[in-house]
Amino acid sequence: MKTQQYLENKKLSALIFAVCFAAYTSSYIGRINLSAALPAIIGEGLFTKSQAGIIGSAFFFVYGAFQIINGFLGDKISPFKMIITGTLLSGLANIAMTTCSSNIAMAVIWGFNGFALSLLWSAILKILANIINDDMRQKACLNISATLPIGTVVAYLLASLSIKFLNWRYVFYIPAAILIIVCIFFTASYFTIKPHITQRAIQTPSSTGKDPKKSSTVKLLPLLVLAGVFIVLPADAIHGAIKEGITTWVPTMITEVYSTDASFSAFLSILLPIFNLSGVYIITPVYNKIFKKNELKTATAILLFALAPLSLLIFIKDLPIIVSVALLAVITTAMHAFNYMIITLVPMRFAFCSRTATVTGIMNATAYVGCAAASYGFGVISDKIGWNGTIVVWLVLDAVGMLITLLATGKWKRFIKGESK
């Protein structure tokens, strides 16, 4: 019978959740800082928007490519060691960014940062899915989603203050210090809980309806086909493109459309992740009660909802700045809720065959294919057809993603009910 690591002690489980939360929050601080710094970097004339987009694309291509590899490794090696390594290397990468004035050099270093941070998410989800105390699991999976908006808020706030009172290089210095401190804190916590980790037999969650004896030998590829996961992958990439396209370019968009300065744009962008924090908490009762814990039905409804604010945002040049920011906040909140359904809850369905980290890697890698395309592509599109045209592209992509998730709901419903058809 297969076994897995398990931590029975609730206080120690709470400790390891806290350090996982800190690690993933710091990972956002150490990557979103680039988009917050871009208006100031571009304003200095170091390179154009298209050239700056190459830096973000390098991060996402490397991050996405290594998600699959590190997702597989997360089911094979210690997830704790992966997190320690990733936070340390990301801190060093952020320090290295302060020495650069070339977009090519920055792209190489930021690509390395993508590799470092690709070690984290699948490892964290493996800890939450299999290692921490069972009674804490559902709440932990919900609360870990707050890392994205909190990390984003801190990143933009630090960037705004750094640019206003220091210079853009401190946008990387400060996150580097945070990442290294978190790495030390995580390492100390790991050695505290390590003697209390035991081995237990893998059990099948009742929600899967699978027989544990059969599930332990099932092959992953046929299982993904059965579940309709491959159908939904393009929608996963689309949500990544929209989410990251807005996150990366909204400071620049606000600066250009409303002629604000870079520090104000970065500060104003803090409103987006504050709204985003509510996304998973708003969608959770909808997911539980209306859609009966069907992740893809909920995801389809989210993308349908996002069509309305995207349609209104097309008129951004005629809207007051606060209205535009509010619409962007609603859109990114929807994408954050979608992310929770697809990147967090869908992989949790595969805990019964100990493939949570592997599926997480696949889903995250796909999302970051979209992120990579968005970082460079939307910079080019905005140069060619302006921000109105770029928003139209976001609208079309959202509609396509909605149709794709709708197409996959039948297979997913049969899968989560344990049917073989």
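For the structure itself, look to the data block above.
Model, not experiment: these values are computed from the prediction. (Residues numbered from 1 in each chain as written. Predicted model: local features only at pLDDT ≥ 70, side-chain atom pairs only at ≥ 80, totals over all residues. Heavy atoms only, no water.)

Draft legend 1. Layout of the packing of helix H3 (residues 79–97) against helix H4 (residues 103–117). Taken N-terminus to C-terminus, the directions of H3 and H4 make an angle of 165 degrees; their axes are 8 Å apart at the nearest point. On the basis of the axis angle, H3 is roughly antiparallel to H4. In this structure, the crossing between H3 and H4 has a hand that is left-handed. On H4, the residues that touch Gly86, Leu89, Ser90, Ala93, Asn94, Ala96 and Met97 of H3 are Met106, Ile109, Trp110, Phe112, Asn113, Phe115, Ala116 and Leu117. Along the lines of polarity and charge, the residues of the contact of H3 with H4 split into 11 nonpolar, 4 polar and no charged. (Axes fitted to C-alpha atoms, helices over the stretch in contact; angles between N-to-C directions. Helix = DSSP H or I, 4+ residues; strand = E, 2+ residues; numbered from the N terminus. Parallel < 35°, antiparallel > 145°, perpendicular 65-115°, else oblique. Left-handed = near helix turned anticlockwise from the far one by under 90°. Contact = heavy atoms within 4.5 Å. Nonpolar A, V, L, I, M, F, W, Y, C, P; charged D, E, K, R; others polar.)

Draft legend 2. Focus on a nonpolar patch on the surface. Residues Leu88, Leu92, Ile95, Leu157, Leu161, Phe165, Leu166, Tyr170 and Tyr173 make up a contiguous nonpolar surface patch of about 820 Å² in total accessible area. Mapped onto the nonpolar patch, the elements with two or more residues apiece are H3, helix H7 (147–165) and helix H8 (170–193). Among the structural elements, leucine 88 can be located in helix H3. (Patch = residues over 30% accessible without salt bridge, like charges linked within 9 Å, V, L, I, M, F, W, Y side chains within 5 Å. Areas by Shrake-Rupley, 256 points an atom, 1.4 Å probe, with all protein chains shown as cover. Salt bridge = Lys/Arg side-chain N within 4 Å of Asp/Glu carboxyl O.)

Draft legend 3. Geometry of the packing of aromatic side chains. With the rule as written, the count across this model stands at 16 aromatic pairs. Ring geometry for phenylalanine 59 and tryptophan 110: centres 6.2 Å apart, planes at 40 degrees, overall tilted. You can see phenylalanine 59 sitting in helix H2 (residues 49–74) and its partner tryptophan 110 sitting in helix H4, a full 51 residues away along the chain. For phenylalanine 59, a relative accessible area of 2% gives the class buried. Grouped by ring-pair contacts, the aromatic residues Phe59, Tyr63, Trp110 and Phe172 constitute a single cluster. If you follow arginine 31 out to its NZ or CZ, it ends over the ring of tyrosine 63, 5.6 Å from the centre. (Phe/Tyr/Trp six-rings, centres within 6.5 Å; stacked < 30°, edge-to-face > 60°. Buried < 20%, exposed > 50% of the residue type's maximum accessible area, 1.4 Å probe, protein only. Lys NZ or Arg CZ within 6 Å of the ring centre and 35° of its normal.)

Function-wise, these values are silent; they only describe arrangement.
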